[in-house]
Structure formats: C-alpha cells, structure tokens
Amino acid sequence: MSHNAQAVRVLVADDDDLLLQLLEHKLTQQGYVVTCVEDGEHALDAARADKPDLIVLDGMMPGMDGF
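Below: a short report on this structure. (Residues numbered from 1 in each chain as written. Predicted model: local features only at pLDDT ≥ 70, side-chain atom pairs only at ≥ 80, totals over all residues. Heavy atoms only, no water.)

## Let's talk about the environment of Asp16
Put simply, the test is: Under the DSSP-based scheme used, a helix requires at least four consecutive residues in state H or I and a strand at least two consecutive residues in state E, with every element numbered from the N terminus.
For Asp16, the location among the structural elements is in the loop between strand S1 (9-13) and helix H1 (17-29). Along the primary structure Asp16 and Asp58 are separated by 42 residues, whereas in three dimensions their C-alpha atoms are 9.1 Å apart.

In structure tokens form, the structure reads like this:
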C-alpha cells in the first residue's frame, strides 16, 4: 500500500477468534486499518459507526449471520 494513500478501513466479522486474529495481523501488516467483531449484530453496529471501505463477513455466525 502506498504511503501517500489514505489507509483503507476493513471490518472483519467472524465468530472464530483465531481466524479474526490471523486476518487482523495479515491485513494490518499490509497497511489496512482493521476492526474485528465476533457476530453479525456487532458487525452492523461497527459498519454504521465506522463506515469501512470493505467488510469481510463469515456467513455462519450465531445470532445474526453474515448473510
């Protein structure tokens, strides 16, 4: 990612904590600003509050899923 470009914000929602940690680590290394949440309801709240540029959703989460 170019140092002149504004950081891209990514929201990641998954109920697998290990996968969240891995994605956060890899995306942060590439210069993305990452927010991680553990379910669909928190993803919806975070998307409304933070207005991310990209959202990565797990399709099968407890409560509100990624679909």
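The structure having been displayed, the exposition proceeds.
## What about the environment of Leu22?
For clarity, the cut-off: Classification of residues uses two cut-offs on accessible area relative to the type maximum, computed with a 1.4 Å probe and protein chains only: under 20% is buried, over 50% is exposed, and between them is partly exposed.
Secondary-structure assignment places Leu22 in helix H1. Residue Leu22 is classed as partly exposed on the basis of its relative accessible area of 45%.

## Re the sheet that holds strand S3 (residues 54-57)
Stated formally: Should DSSP find at least two bridges between two strands, the strands are taken to pair. The axes used here are C-alpha line fits, helices contributing only the stretch in contact, and every angle between their N-to-C directions lies in the interval 0 to 180 degrees.
With parallel pairing, the 3 strands of this open sheet are ordered in space as S2-S1-S3. Strands with a single pairing partner mark the edges of an open sheet, and in this sheet they are strand S2 (33-37) and S3. When the angles between neighbouring strand axes are averaged without regard to direction, this sheet yields 15°. Across 4 bridges, the pairing between S1 and S3 is parallel. Residue pairing in the sheet places Val10 in a bridge with Leu54 of S3.

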